[in-house]
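Close look at the chain arrangement
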2 protein chains.
Amino acid sequence: MLGLMQDWPLLLHRVIDHAATNHAERPVVTRSVEGPITTTTYAAIHARALRLAKRLDREGIRVGDRIATLAWNTARHLECWYGITGVGAIYHTVNPRLFPDQIMWIMNHAEDRMAMVDLTFVPLLEKLADKLPKIERYVVLTDNAHMPATTLKNAVPYEDWIAEVDSDFAWKSLDENTAAGMCYTSGTTGNPKGVLYSHRSNVLHSMIACSADMLGQTSRDVVMPVVPLFHANGWSLAFSVPMVGASMVMPGPKLDGASVYELLTDYKVTFTAAVPTVWLGLLQYLESTGNKLPHLKRVLIGGSACPRMVIEKFQDVYGVEVIHAWGMTEMSPLGTVCTLKPEYSGLTGSARVEAQLKQGHVPFGVEMKITDDTGSKLPWDGKTFGRLKVRGPAVTRAYFKEGFDVLDEEGYFETGDVSTIDPHGYMQITDRAKDVIKSGGEWISSIEIENLAVGHPKVAEAAVIGLKHPKWDERPLLVIVPKKGENPTREDILGFLEGKIAKWWMPDDVVIAEEIPHTATGKIQKIALRERFKDYVFPMAVAS
Amino acid sequence: MLGLMQDWPLLLHRVIDHAATNHAERPVVTRSVEGPITTTTYAAIHARALRLAKRLDREGIRVGDRIATLAWNTARHLECWYGITGVGAIYHTVNPRLFPDQIMWIMNHAEDRMAMVDLTFVPLLEKLADKLPKIERYVVLTDNAHMPATTLKNAVPYEDWIAEVDSDFAWKSLDENTAAGMCYTSGTTGNPKGVLYSHRSNVLHSMIACSADMLGQTSRDVVMPVVPLFHANGWSLAFSVPMVGASMVMPGPKLDGASVYELLTDYKVTFTAAVPTVWLGLLQYLESTGNKLPHLKRVLIGGSACPRMVIEKFQDVYGVEVIHAWGMTEMSPLGTVCTLKPEYSGLTGSARVEAQLKQGHVPFGVEMKITDDTGSKLPWDGKTFGRLKVRGPAVTRAYFKEGFDVLDEEGYFETGDVSTIDPHGYMQITDRAKDVIKSGGEWISSIEIENLAVGHPKVAEAAVIGLKHPKWDERPLLVIVPKKGENPTREDILGFLEGKIAKWWMPDDVVIAEEIPHTATGKIQKIALRERFKDYVFPMAVAS
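Residues numbered from 1 in each chain as written. Chains lettered and ligands numbered in written order. Predicted model: local features only at pLDDT ≥ 70, side-chain atom pairs only at ≥ 80, totals over all residues. Heavy atoms only, no water.

**Considering the overall build of chain A**
For clarity, the cut-off: Here a strand is any run of E in DSSP of at least two residues, a helix any run of H or I of at least four, and the numbering for each starts at the N terminus. C-alpha atoms define the radius of gyration in this analysis, and the globule rule sets the expected value at 2.2 Å times the number of residues to the power 0.38. Think of it in three bands: residues with accessible area under 20% of the maximum for their type are buried, residues over 50% are exposed, and the middle band is partly exposed, with areas taken using a 1.4 Å probe on protein chains only. Contacts between residues were defined by any pair of non-hydrogen atoms, one from each residue, lying within 4.5 Å. The method behind every accessible area is Shrake-Rupley, applied with a 1.4 Å probe, and residues are considered shielded solely by the protein chains displayed.
Along chain A, the regular secondary structure elements total 16 helices and 24 strands. By the compact-globule yardstick of 24 Å for 544 residues, chain A fits well, its C-alpha radius of gyration being 24 Å. Reported as C-alpha extents along the three principal axes, the dimensions of chain A are approximately 75 × 65 × 55 Å. Scored against the burial criterion, the 544 residues of chain A give a buried share of 60%. Residue pairs at least 24 apart in sequence account for 66% of intrachain contacts in chain A once pairs closer than 6 positions are excluded. Counting every atom, chain A has about 20000 Å² of accessible surface; 51% of that belongs to carbon and sulfur.

**A look at the side chain of A:Lys369**
Residues and elements named next belong to chain A. Going by this rule: We call two N or O atoms a polar contact when they sit within 3.5 Å, provided that within protein one can donate a hydrogen and the other can accept it, with sequence-adjacent residues counted only if both atoms are side-chain atoms.
Its place among the elements puts Lys369 in strand β16 (residues 367-371). Of the polar contacts made by the side chain of Lys369, one reaches the side chain of Asp408; its length is 2.9 Å. When residues no more than four places from it in sequence are discounted, the contact partners of Lys369 are Lys377, Arg387, Leu388, Lys389, Asp408, Glu410, Tyr412 and Ile421.

**A closer look at unusual backbone geometry**
Note the cis peptide between A:Ser332 and A:Pro333, where omega equals 10°. The topology assignment puts A:Pro333 in the loop between β14 (321-327) and β15 (334-337). With phi around 50°, B:Asn154 is a residue other than glycine that occupies positive phi space. One can find B:Asn154 in the loop between β6 (137-140) and β7 (156-157). Positive phi, close to 60°, is recorded for B:Asn233, a residue that is not glycine. Its place among the elements puts B:Asn233 in the loop between β10 (222-225) and α8 (237-244). Residue class for B:Asn233 comes out buried when judged on its relative accessible area of 1%.

**What about the pairing of β16(A)?**
Residue and element names in this part refer to chain A. Here is the rule we go by: Between any two strands, at least two bridges found by DSSP are needed for them to pair.
Across the five residues of β16, five count as buried, placing the element largely inside the fold. Side chains Glu367, Lys369 and Thr371 of β16 all project onto a buried face; the interleaved residues Met368 and Ile370 project onto the opposite face, where all are buried too. By the bridge criterion, five bridges tie β16 to strand β17 (residues 386-391) in an arrangement that is antiparallel. Residue pairing in the sheet places Met368 in a bridge with Val390 of β17.

**Section: the interface of chain A and chain B**
Size of an interface: often given as the accessible area lost when the parts come together. Rules: What gets called buried area is simply the loss in accessible area from a 1.4 Å probe that two parts show on being joined, summed for both. What makes a salt bridge here is a side-chain nitrogen of Lys or Arg within 4 Å of a carboxyl oxygen of Asp or Glu, nothing more.
Across the contact, 72 residues belong to chain A and 72 residues belong to chain B. When chain A packs against chain B, close to 5700 Å² is buried across both sides, 61% of that on carbon and sulfur atoms. Contact with chain B buries area across many residues of chain A, yet A:Met5, A:Gln6 and A:Phe364 alone supply 17% of it, more than any other trio. Put simply, chain A and chain B have eight salt bridges between them. The closest approach of N and O atoms between B:Arg200 and A:Glu176, which form a salt bridge, is 2.8 Å. The interface formed by chain A and chain B contains 35 residue pairs in polar contact (both at pLDDT 80 or more). When residues of the side of chain A that touches chain B are traced back to their parent elements, those giving at least two are α1 (13-22), β9 (193-198), α7 (199-209), α8 (237-244), α12 (342-345) and β17 of chain A.

**Re the pattern of salt bridges**
Enumeration according to the criterion identifies 81 salt bridges over all chains in this entry. A salt bridge links A:Glu59 to A:Arg137, with the nearest nitrogen and oxygen atoms 2.4 Å apart. Of the two residues, A:Glu59 is situated in the loop between α2 (42-58) and β3 (66-70) and A:Arg137 in strand β6 (residues 137-140); the sequence distance between them amounts to 78 residues. A residue is classified by how much of its surface remains accessible, and A:Glu59, at 23% relative accessible area, is partly exposed. Taking relative accessible area as the criterion, A:Arg137 reaches 16% and is therefore assigned buried. Between B:Arg220 and A:Asp213 there is a salt bridge whose closest N-O contact spans 3.0 Å. Here the residue B:Arg220 occupies a position in the loop between α7 (199-209) and β10, and A:Asp213 occupies one in the loop between α7 and β10 (222-225), the pair thus bridging two chains. B:Arg220 gets classed as partly exposed once you look at its relative accessible area, which sits at 35%. For A:Asp213, a relative accessible area of 5% gives the class buried.

**Side note on the relation of the copies chain A and chain B**
The condition is simple: Copies overlap after least-squares fitting; the atoms used are the C-alpha atoms of residues with pLDDT of at least 70 in both.
When chain A is fitted to chain B, the residual RMSD is 0.0 Å, and the transformation amounts to a turn of 180° plus an axial shift of 0.0 Å. Between the two chains, the operation in question is that of a two-fold axis. Of the residues that chain A buries at the interface, 100% are likewise interface residues in chain B, meaning the two copies contact each other through the same surface.

**Points about the sheet that holds strand β11 (residues 247-250) of chain A**
Residues and elements named next belong to chain A. The cut-off we apply is this: Every axis in this analysis is a line fitted to C-alpha atoms, fitted for helices over the stretch in contact. Angles between the N-to-C directions lie between 0 and 180 degrees.
Strands sit in the order β2-β1-β11-β10-β12-β13-β14-β15 across an open sheet of eight strands; the sheet is mixed. In this open sheet, the two strands that pair with only one neighbour each are β2 (37-41) and β15. Each strand axis lies, on average, 20° off the axis of its neighbour in the sheet, ignoring direction. Where strand β12 (residues 271-274) meets strand β13 (residues 298-301), four bridges bridge the pair, whose relative direction is parallel. If you follow Ala274 over to β13, its bridge partner there is Ile301.

**Describing the side chain of A:Lys389**
All names here are of chain A. Stated precisely, the cut-off is as follows: In this tally Asp and Glu are treated as negative and Lys and Arg as positive; neither His nor the chain ends contributes.
Among the secondary structure elements, Lys389 is positioned in strand β17. Summary of buried charges: Lys389 has no salt-bridge partner, and the nearest side chain of opposite charge, Glu414, is 4.1 Å away. At 3.0 Å, the side chain of Lys389 forms a polar contact with the side chain of Thr371. If we skip the residues at most four places from it in the chain, Lys389 touches Glu367, Met368, Lys369, Thr371, Gly375, Asp408, Tyr412, Phe413, Glu414 and Thr415.

**Examining the confidence of the model for chain A**
In plain terms, the rule: The predictor attaches a confidence to each residue, and that confidence, scored 0 to 100, is pLDDT.
In the predicted model, chain A carries a mean pLDDT of 95, and the fraction of residues at 70 or more is 98%. This prediction of the complex comes with two scores: 0.93 for pTM and 0.93 for ipTM.

**Description of the sheet that holds strand β7 (residues 156-157) of chain A**
Residues and elements named next belong to chain A. In spatial order, the strands read β7-β6-β5-β3-β4-β8-β9; together these seven strands make up an open sheet with mixed pairing. Strands at the two margins of the open sheet, each flanked by one partner only, are β7 and β9. Here β3 pairs with strand β4 (residues 90-93) via four bridges, running parallel. Bridge assignment links Ala68 to a residue of β4, and that residue is His92. Where helix α4 (residues 100-110) meets the sheet, its contacts fall on β3, β4, β5 (114-117) and β8 (179-185), and the angle it forms with β8 comes to roughly 150°. Across the sheet, α7 lies against β4, β8 and β9, angled at about 75° from β9, the strand it touches most.

**Looking at the pairing of strand β11 (residues 247-250) of chain B**
Residues and elements named next belong to chain B. Both faces of β11 are covered, namely the face carrying Ser247 and Val249 and the face carrying Met248 and Met250. As defined by bridge partners, strand β1 (residues 27-31) adjoins β11 across three bridges and the pair is classed as parallel. If you follow Val29 over to β11, its bridge partner there is Val249. Looking at chain direction, β10 and β11 are connected through two bridges and run parallel. Opposite Val223, over in β11, you have Met248 as the bridge partner.

**So, the packing of helix α9 (residues 257-266) of chain A against helix α10 (residues 276-289) of chain A**
Residue and element names in this part refer to chain A. Here is the rule we go by: What sets the label is the angle itself: under 35 degrees gives roughly parallel, over 145 gives roughly antiparallel, 65 to 115 gives roughly perpendicular, and the rest give oblique. Note on residue classes: Ala, Val, Leu, Ile, Met, Phe, Trp, Tyr, Cys and Pro are nonpolar, Asp, Glu, Lys and Arg are charged, and everything else, Gly too, is polar.
At a minimum axis distance of 8 Å, the contact between α9 and α10 shows a crossing angle of 80°. Classified by the angle their axes make, α9 and α10 are roughly perpendicular. Residues Gly257, Ala258, Val260, Tyr261 and Leu264 of α9 pack against Trp279, Gly281, Leu282, Tyr285 and Leu286 of α10. Looking at the contact of α9 with α10 residue by residue, the classes come out as eight nonpolar, two polar and no charged.

**With respect to the nonpolar core**
What tends to happen in soluble globular proteins is that the nonpolar side chains get buried as a cluster. Spelled out, the test is: The definition of a nonpolar core used throughout is a set of buried Ala, Val, Leu, Ile, Met, Phe, Trp, Tyr and Cys residues joined through side-chain atoms within 4.5 Å.
Judged by nonpolar contacts, the single largest core of 173 residues is most densely connected at A:Met116 and B:Met116. Counting 33 residues, the second largest nonpolar core, distinct from the first, contains B:Leu98, B:Leu128, B:Ala129 and B:Phe400.

**Thoughts on helix α4 (residues 100-110) of chain B**
Residue and element names in this part refer to chain B. If you check which residues of α4 are buried, you get Ile103, Met104, Ile106, Met107, His109 and Ala110. Residues of α4 that are buried make contact with β3 (66-70), β4 (90-93), β5 (114-117), α5 (122-128) and β8 (179-185). At the exit of α4 stands Glu111, carrying a positive phi of roughly 55°.

**Section: the environment of B:Pro100**
Residues and elements named next belong to chain B. Mapping Pro100 onto the fold places it in helix α4. Classification of Pro100 as partly exposed rests on a relative accessible area of 39%. Put simply, Pro100 and Leu125 are 25 residues apart on the chain and 8.7 Å apart in space, counted from C-alpha to C-alpha. With residues up to four places along the chain from it excluded, the contact list for Pro100 reads Leu124 and Leu128.

The following block contains the structure:
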């Protein structure tokens, strides 16, 4: 027997409908790509999204078509997502920081029919355009007055193009499982993989994000998503902020400390979100100017592990609560959030920071487990680490055009991370699965050794890789880049690590290097590092 | 094209799975029907719900079967809901405060196969049992030591009955639209109507309830649902509290001021919910004892309009924030919640209370409109009142066994309430649609006049009904019950109302009565009142 409740499919247009009806005049502020700071409202964004949907419909865009966006966080980009999904098409946010070859590969693989592009990225696309045969039209996110001369095919200025129609349009009626968004993962190896969100997954994921123990934003908040919409589905903020009717501040192209500070202060931002690098820039700016953050209450930090110093400075110096989080493109992306359960909420000082350094706990709607290599579940004791696997309505089951599910027999997706989970359900990443070092049947966390090594006053950067070893299968090699003008020795470093890690975790050798290779998104490219050291032979002493 | 996200049906077992996995040891405290205060955990409730599901499965209970519960709020009642829905059956909470004939009618209409009943209600069911032929077994929610001698068919003590199996059971795999719960509305007219919730509607509704601007509960809260689970689906609390892993305190059978106070204080409750009557009892108790509420932070008040005095006392005297809410059984039940948007959050003093007297705004997932009698939408100006209609994934489309949808052409459900909506989306109930008085083509709110009339120092209770009038179609008649020992006159009352309402709203007459008829749930029975006055003739003076 089925229930007798209403059929109300979880479609994204309902989010902006809700905001426009119930929070019509709430301000959405943008630092525009053209320069000036502009202000609009949810009611206006809603009307313009309808206009875009009508324009796209007239253009022949149909349900399931992909439309690329290469754009900063602006009200225009936001309304594009709603306009595109409202006509049944798929927003495909492309990360413009990728290498041009990757961008080309991704856009061709996605078979994008149209690209909506900020002024900033017109030159980039002009260089790639002749290798993007499927794109029928480029829409430049500006008005006629700012439209550059361009060779891009059928290029039009967005404002004038959507002004050709009115907003009298009915959102397409769709099955809630219809594809809505697409985001490619920038893996460190192989070709990027396309993650395909549905309306349902985006709506459910955003509802989860709104719960008080997740992001907990309210209509009284002023939220600034510094994390770009093109980074891992924009951390849900394009949906979960309008969903509660909070005010938004969109930072556009300027993410440096001074620019971020200006918006935080002038628009009384109460909640913001970005990767640690952005916050390092802001904290540096604040220190050099002596400025404070009187309005900001909470900052969400994810994308990579948040350094202890960032948590301490925000909380102790500026009175801003840090919420550490973990997720991935394949998870829409929120996985865990480090709000404090009663077991930790009473902690103070460094014990509290220690808890906050964990990546946090899952909300309802995300399930996780850690397993060994055979798939057997490992205990939640805070010490044992294993492969982290996740399940939920906003977690990927397959990649675009790959035609097979990537889940285990219980339906879990393997994250590629290795982590512990403590008895209270707090997950802490210890490594990437492919970087963990397998020595004598046990696992060594490369990240833990790296984090310790960068604590040495003469070390600028550190990477640990596992290299083949005749007896132990693999043993760790520590590669360090010294700080400018410093000349640390192998013995300095090993001496520094002694007593801080188990004896059998001690690197078998330390190599001093001038630089360590990085991916386009700034991650250490361990695969290249392993390639560089593939013929390296350990000195016999340490581990045998 | 469909998205490529996981298939993760919204099933209720996932809620208790989540709580048991991620908040395993969180306390759930109960004032038991047997007397002592007991404490258990989500892990234990989860294991016992599995045990119940296995016992029900062995008993031959199948997907779609209805199981009645007549029970107070206890951990046992909570685990029954999860056990029943986990085997695919439907919890049917029966309000034991209804008249016995109504209970019998409802249980027969629902065709309940089994009844799970607290000790309190065994005598009640013994009297009805021979008129409940479909019930195959009565499970008394106690253990063998407390089991009464009873004539109830196949009666067993719950504890011993579920102890016959272990908890090794797999929740049934179900379509998320499968029926999960049932609750009859206690209408003031006609037979009760069965509302049939699905797993999906209950899960979505609970996710909505968890958002920071709705109930906003966190894992750090201690939540006491004083509102019974049998009242309008228990206001979602059986699901939305475990969903965030908050601690629970279940008040069992004792809802008087002293008992509620004892639990609030001894267990440091931070958030509680009930109808105004309960809070009047608590406030009276606090005043007479001089006790305070040092732990309680927020109180959710709904079920009927919250008197101003209750809001003021809680906030001004006890420092407890009041959250006024509105909903109905047909809405799962939450419709609007009066948390403050930025337009109101800056208010203080009586202006703030004025805003809080409104029933609040809708969250994402509830849509509302007000219309005139022809179905045309009315403006959100805070003045115009019209028929309130709602839409959403947790709103009824049809009643059990009635075989037809009750929605308008846009898919909205008519609530039967008449309300205004202000420009910020705050809804305020002005009347029940069937009680509104239609005079000369305009509407008069019976409730507004009643609320004013009870402000007269000599009036204990007031009811306004519309009676036929040759010229104006209908005109208001005010019926009042004087306070003990008082003898107010028609002129006293009309004089008191003068200047407080529009002239054409003034009642054409005032009748002094000894009592006003009420339904089993305490609402004024206006239909009986209209029947009593059907031959009444207005004096000609006032309105003509």
